[in-house]
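For reference, the chains in residue letters:
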Amino acid sequence: MTGKRCQNQIYKQLHYESQTKKTIAIQIDEDIAQAFQSSQPEQQQQIQAWLNQWMRQALKISKLQNTMDRLSDETVANGLTPEILQTIV
């Protein structure tokens, strides 16, 4: 692992560890639940950290999509059509 990448990984781990944790309930396939529950605590922590980061990214994408949809709606409401936009670009 390169120095910069290692530093980023350490920062992410420290940031993850410093966050207040809260338990949520999500439904997953039974075999996945059993595999998780039977895994070692270290592996469970790694999975939880990965899932936390994945959900954080997914929510950022969702917020971005919502913002883009809102801006698109406002643009249409203000009279900008795809045809007008095409002439601009």
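Source: prediction; values computed, not measured.

> Explanation requested: the overall build of the protein chain in the structure shown.
The secondary structure content of the protein chain amounts to four helices and zero strands. Ordering the α and β elements of the protein chain from the N terminus gives α-α-α-α. Sorting the 89 residues of the protein chain into buried and exposed places 4% on the buried side. Working note: accessible area of the protein chain is about 8400 Å², and carbon and sulfur atoms make up 56% of it.

> Looking at this structure, I do not really get the pattern of salt bridges. What am I missing?
A side chain of one charge can pair with a side chain of the opposite charge when the charged atoms of the two come close. What the rule picks out here adds up to one salt bridge. Its salt-bridge partner being Arg70, residue Glu74 comes within 3.1 Å of it at the nearest N-O pair. With Glu74 and Arg70 both in helix α3 (residues 41–77) and four residues apart, this pair spans about one turn of that helix. According to the relative accessible area criterion, Glu74 is partly exposed, its value standing at 37%. Among the residues examined, Arg70 registers a relative accessible area of 43% and is labelled partly exposed.

> What's the story with the side chain of Ser39 in this structure? I'm lost.
By the element assignment, Ser39 lies in the loop between α2 (30–38) and α3. In terms of polar contacts, Ser39 uses its side chain to reach the backbone carbonyl oxygen of Phe36, at 2.6 Å.

> Teacher, can you tell me more about a nonpolar patch on the surface here?
A contiguous nonpolar patch, built from Ile24, Ile26, Ile28, Ile32, Trp50, Leu51, Trp54 and Met55 and spanning about 820 Å² of accessible area, is present on the exposed surface. With respect to the helices and strands, the residue Trp54 is situated in helix α3.

> Help me out: how do you make sense of a positive patch on the surface in this one?
On the surface, Lys21, Arg56, Lys60 and Lys63 cluster together into a patch of positive charge. Among the secondary structure elements, Lys60 is positioned in helix α3.

> Is there a simple way to think about α3 in this case?
At 3.6 residues per turn, the α-helix brings residues three or four places apart onto the same side. In a regular helix each residue adds 1.5 Å, so 37 residues correspond to 54 Å; α3 covers 53 Å between its end C-alpha atoms and thus fits that length. Backbone geometry just downstream of α3 places Gly79 in the positive-phi region, at approximately 95°.

What counts, and where the lines are drawn
Residues numbered from 1 in each chain as written. Predicted model: local features only at pLDDT ≥ 70, side-chain atom pairs only at ≥ 80, totals over all residues. Heavy atoms only, no water. Helix = DSSP H or I, 4+ residues; strand = E, 2+ residues; numbered from the N terminus. Buried < 20%, exposed > 50% of the residue type's maximum accessible area, 1.4 Å probe, protein only. Areas by Shrake-Rupley, 256 points an atom, 1.4 Å probe, with all protein chains shown as cover. Salt bridge = Lys/Arg side-chain N within 4 Å of Asp/Glu carboxyl O. Polar contact = N/O pair within 3.5 Å; in protein donor to acceptor, adjacent residues only side chain to side chain. Patch = residues over 30% accessible without salt bridge, like charges linked within 9 Å, V, L, I, M, F, W, Y side chains within 5 Å. Lys, Arg positive; Asp, Glu negative; His and termini not counted. Charge placed at Lys NZ, Arg CZ, Asp CG, Glu CD. Expected span 1.5 Å × (residues − 1).

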